[in-house]
Amino acid sequence: MKKHNFSAGPCVLPQEVLEQASQAVLNFNNLDLSLIEISHRSKDFIAVMDKAQALVKELLDLPEGYSVMFLQGGASTQFLMTAMNLLKKDGKGAYISTGSWSKKAITEGKNLGSIDVIASSEDKNFNYIPKGYTCPEDADYLHFTSNNTIFGTQFHEFPEVSEGTVLASDMSSDIFSRKIDVS
Ligand SMILES: Cc1ncc(COP(=O)(O)O)c(C=O)c1O
């Protein structure tokens, strides 16, 4: 009998997906090589990446003008990379503090530049999503964690930002779980 893992994060996958994935690890596309033994520049591997990108675009219903990137280093690397990529010279980043993962993003952002925590639910041990805050118009970006994996709270509406502010969301534990308007 198949077990069910109720932990946050991992999900149940259809049996045929698991079988296809294990087959590809043993012998991919009848190449007599494993998917993890072929060059990442080979046409067979590039086809896998192209298809994965197309499927992500389809699942997220991404409008024209958006790109999908698969980056190394896990979500944790993006705590620093978000600030590194979005913080302008002498600019500032705005953050909503709703749990351990957003606190890590704040710590990394502070290592790099000027960071404002514009809302927090730390006063009640992160048991709610803050409301009634305004993101400063001059913020280069607003960072929030759409689903707080450890504390079990989720943003059902995304924060409002002015035109010049990029909305950056750590969706590690709820991306693909519901329709979102990426634009
Ligand atoms: C919301 C959230 N952000 C970041 C992370 C860290 O992800 P990674 O292990 O890929 O660095 C997790 C991991 O569970 C998470 O749930």
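Residues numbered from 1 in each chain as written. Predicted model: local features only at pLDDT ≥ 70, side-chain atom pairs only at ≥ 80, totals over all residues. Heavy atoms only, no water.

Caption draft 1: Region of interest: the pattern of salt bridges. Across all of its chains, the model carries six salt bridges by this definition. As a salt-bridge pair, lysine 89 and aspartate 90 come within 3.7 Å of each other at their nearest N and O atoms. By relative accessible area, aspartate 90 is classed as exposed at 75%. Put simply, lysine 92 and aspartate 138 hold a salt bridge, and the shortest N to O gap is 3.4 Å. Placement of lysine 92 in strand β1 (residues 92-97) and of aspartate 138 in the loop between β2 (114-120) and β3 (141-145) is noted, with a sequence separation of 46 residues between them. Look at the salt bridges and you will find they share partners, linking Lys92, Asp116 and Asp138 into a network. (Salt bridge = Lys/Arg side-chain N within 4 Å of Asp/Glu carboxyl O. Buried < 20%, exposed > 50% of the residue type's maximum accessible area, 1.4 Å probe, protein only. Helix = DSSP H or I, 4+ residues; strand = E, 2+ residues; numbered from the N terminus.)

Caption draft 2: Geometry of the sheet that holds β3. One open sheet accounts for four strands, arranged β2-β1-β3-β6; its pairing is parallel. Two strands lie at the open edges of the sheet, namely β2 and β6 (166-170), each paired on one side alone. Averaged over all adjacent pairs, the angle separating strand axes in this sheet is 25°, with direction ignored. Here β1 runs beside β2; their pairing, made up of six bridges, is parallel. (Pairing = 2+ DSSP bridges. Axes fitted to C-alpha atoms, helices over the stretch in contact; angles between N-to-C directions.)

Caption draft 3: Seen up close, the site of the ligand. Around the ligand, the neighbouring residues are Gly74, Ala75, Ser76, Phe79, Trp101, Thr145, Asn147, Thr149, Asp170 and Ser172. Between an oxygen atom of the ligand and a side-chain N or O atom of threonine 149, the distance comes to 2.5 Å. At a separation of 3.4 Å, a nitrogen atom of the ligand approaches a polar side-chain atom of serine 172. Within the complex, the protein chains bury 70% of what would otherwise be the 400 Å² of accessible surface of the ligand. Top contributing element to the shell around the ligand by residue count: helix α3 (residues 74-86), with four residues. (Near = heavy atom within 4 Å. Polar contact = N/O pair within 3.5 Å; in protein donor to acceptor, adjacent residues only side chain to side chain. Areas by Shrake-Rupley, 256 points an atom, 1.4 Å probe, with all protein chains shown as cover.)

Caption draft 4: Inspection of the packing of α3 against helix α4 (residues 100-112) at higher detail. α4 packs onto α3 with a crossing angle of 45° between their chain directions and a minimal axis gap of 8 Å. Classified by the angle between their axes, α3 and α4 sit oblique to one another. Note that α3 runs across α4; the crossing there is right-handed. Residue-level inspection shows Phe79, Leu80, Ala83 and Met84 of α3 in contact with α4, the latter providing Trp101, Lys104, Ala105, Glu108, Gly109 and Leu112. (Parallel < 35°, antiparallel > 145°, perpendicular 65-115°, else oblique. Left-handed = near helix turned anticlockwise from the far one by under 90°. Contact = heavy atoms within 4.5 Å.)

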